[in-house]
Amino acid sequence: MKKNKILSMFICMISLVACNDTVSQVPQKSINNYVASPEIKREIPKNVWDSLITSKEMFLISLDPMSEKRDNKNPASSSKIYFHGFKELGRTKIDNQTERTKIADEIKVSISDVSARQAKCFWPRHALYIKDENSAFEILICYECHGVEIYEGNKRIFYESFGGTSTYFNELLKNANLPLALNYKKLIFTVRSKFDER
């Protein structure tokens, strides 16, 4: 009885920060009046795509979504430690053109995946900073909640549902000896299984 009570208390505490998997039925809109729905083809903004292909600089960033210090009125505001309000665990510069092209393709395919539905949460563990001669873009990606946000400076210019998996980005971060944020859902199931074993 005591074991079950402790387990219940732990799950309740974790659920306060756990991702809500319930998918919003309300169509989402971007700043550019882009409507996210299964009937409409999803596309990455052309200027962002062009920058992904021709950027002078590209960084892949590891984020910890649970160390959030985000001002909802101004989500782009952050210190050097925080990237759009989420704690930065590290970043690696992507110089290899083959890797850059694959990253661009990953972003394009994931945005165009009409089967993806964003949950009522946003816990980005990955981000991209890309800069060319004329502009700079910052892309926050949450594979767990299936969402993406794109910023140009302090302005969010796009947000959409996002498909795919984090396998390739995690591989790049690990190869650069950078830490990955904990998977909190996996942690919950692990703790629950440990209690069940007792």
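Computed from a predicted model, the values in this text were never measured in an experiment. What you see as residue numbers is a count from 1 along each chain, following the sequence as written. Local features in this predicted model are restricted to residues whose pLDDT is 70 or higher, and side-chain atom pairs enter the listing and the counts only when it is 80 or higher, whereas totals over whole chains, interfaces and linings include all residues. Side-chain metrics in this entry use all non-hydrogen atoms of the structure; hydrogen atoms and water are not considered.

**Looking at the overall build of the chain**
Phase 1: Only DSSP runs of H or I with at least four residues qualify as helices, and only runs of E with at least two residues qualify as strands; both kinds are numbered from the N terminus onward. If you tally the helices and strands in the chain, you get five helices and nine strands.
Phase 2: Along its sequence from the N terminus, the chain presents helices and strands in the succession α-β-β-α-β-β-β-α-β-β-β-β-α-α.
Phase 3: Classification of the 198 residues of the chain by burial places 45% in the buried group.
Phase 4: In what follows, a contact means two residues having at least one pair of non-hydrogen atoms within 4.5 Å. A fraction of 67% describes how many contacts in the chain between residues 6 or more apart in sequence connect residues 24 or more apart.
Phase 5: Areas reported as accessible are Shrake-Rupley estimates using a 1.4 Å probe. Residue values count occlusion only from the protein chains shown. When the accessible surface of the chain is split by element, carbon and sulfur atoms take 52% of a total near 11300 Å². Burial here depends on accessible area, computed with a 1.4 Å probe over protein chains only, as a share of the maximum for the residue type. Under 20% is buried, over 50% is exposed, and the range in between is partly exposed.

**Examining helix H3 (residues 97-112)**
Phase 1: Working rule for helices: expected span equals 1.5 Å times residues minus one. Here H3 is 16 residues long and its end C-alpha atoms lie 23 Å apart, about the 22 Å a rise of 1.5 Å per residue gives.
Phase 2: Where H3 is concerned, the buried positions are Arg 100, Ile 103, Ala 104, Ile 107, Ser 110 and Ile 111. Down the axis of H3, the buried set is contained in an arc of 135°. They therefore lie on one face. Exposed and facing more than 90 degrees away from the buried side of H3 are Thr 98 and Val 109.
Phase 3: The N-capping residue of H3, defined by a side-chain oxygen 2.8 Å from the backbone nitrogen of Thr 98, is Asn 96. It is the directions from the helix axis to the C-beta atoms whose arc is reported. For the purposes of these results, a polar contact is taken to be a pair of N or O atoms within 3.5 Å, where, inside protein, one atom must be able to donate a hydrogen and its partner to accept one; residues adjacent in sequence count only when each atom of the pair is a side-chain atom.

**A few points about the packing of aromatic side chains**
A ring pair, where both rings are aromatic, is described by two values, the distance of the centres and the angle of the planes.
Phase 1: Pairing of aromatic rings covers Phe, Tyr and Trp, the last through its six-membered ring, and needs centres within 6.5 Å; plane angles under 30 degrees mean stacked, over 60 mean edge-to-face, and all others mean tilted. According to the stated counting rule, one finds five aromatic pairs in the structure shown.
Phase 2: When the centroid spacing of 6.4 Å and the interplanar angle of 45° are considered together, the rings of Phe 59 and Tyr 129 count as tilted. Of this pair, Phe 59 sits in strand S3 (residues 57-68) while Tyr 129 sits in strand S6 (residues 126-131); the two residues are 70 residues apart in sequence, bridging distant segments of the chain.
Phase 3: The rings of Tyr 143, Phe 162, Tyr 168 and Phe 169 are connected pair by pair, giving a single aromatic cluster.
Phase 4: Charge-over-ring contacts are defined here by two conditions on Lys NZ or Arg CZ: a distance within 6 Å of the ring centre and an angle within 35 degrees of the ring normal. Lying across the ring of Tyr 168, Lys 102 places its NZ or CZ 4.2 Å from the centre.
Phase 5: Here the guanidinium or amino end of Lys 108 rests over the ring plane of Trp 49, the centre of that ring lying 4.6 Å away.

**Brief notes about the pairing of strand S9 (residues 155-161)**
Regular strands show a simple pattern: their side chains alternate between the two faces of the sheet.
Phase 1: Here a strand pair is declared whenever DSSP counts at least two bridges between the two strands. Pairing of strand S8 (residues 147-152) with S9, which is carried by six bridges, proceeds in the antiparallel orientation. Its bridge partner lying in S9, Tyr 151 is registered against Arg 156.
Phase 2: Between S8 and S9, which pair antiparallel one after the other, the connecting turn spans two residues, and Gly 153 there sits at a positive phi close to 65°.

**Some thoughts on the nonpolar core**
Phase 1: Core analysis: the largest hydrophobic core is formed by 27 residues, its most contacted members being Leu 52, Ile 103, Ile 107, Ile 139 and Phe 169.
Phase 2: For this core, the secondary-structure elements that each account for two or more residues are helix H2 (46-54), S3, H3, S6, strand S7 (136-142), S8, S9 and helix H4 (167-175).
Phase 3: Beyond its immediate sequence surroundings of up to four residues, Ile 139 is in contact with Val 48, Leu 52, His 126, Ala 127, Leu 128, Ile 130, Val 148, Glu 149 and Ile 150.
Phase 4: Only buried residues count toward a nonpolar core, which is a set of Ala, Val, Leu, Ile, Met, Phe, Trp, Tyr and Cys residues joined through side-chain atoms within 4.5 Å. Core analysis: the next-biggest nonpolar cluster, separate from the first, contains 15 residues, Leu 63, Ala 119, Cys 121 and Phe 122 among them.

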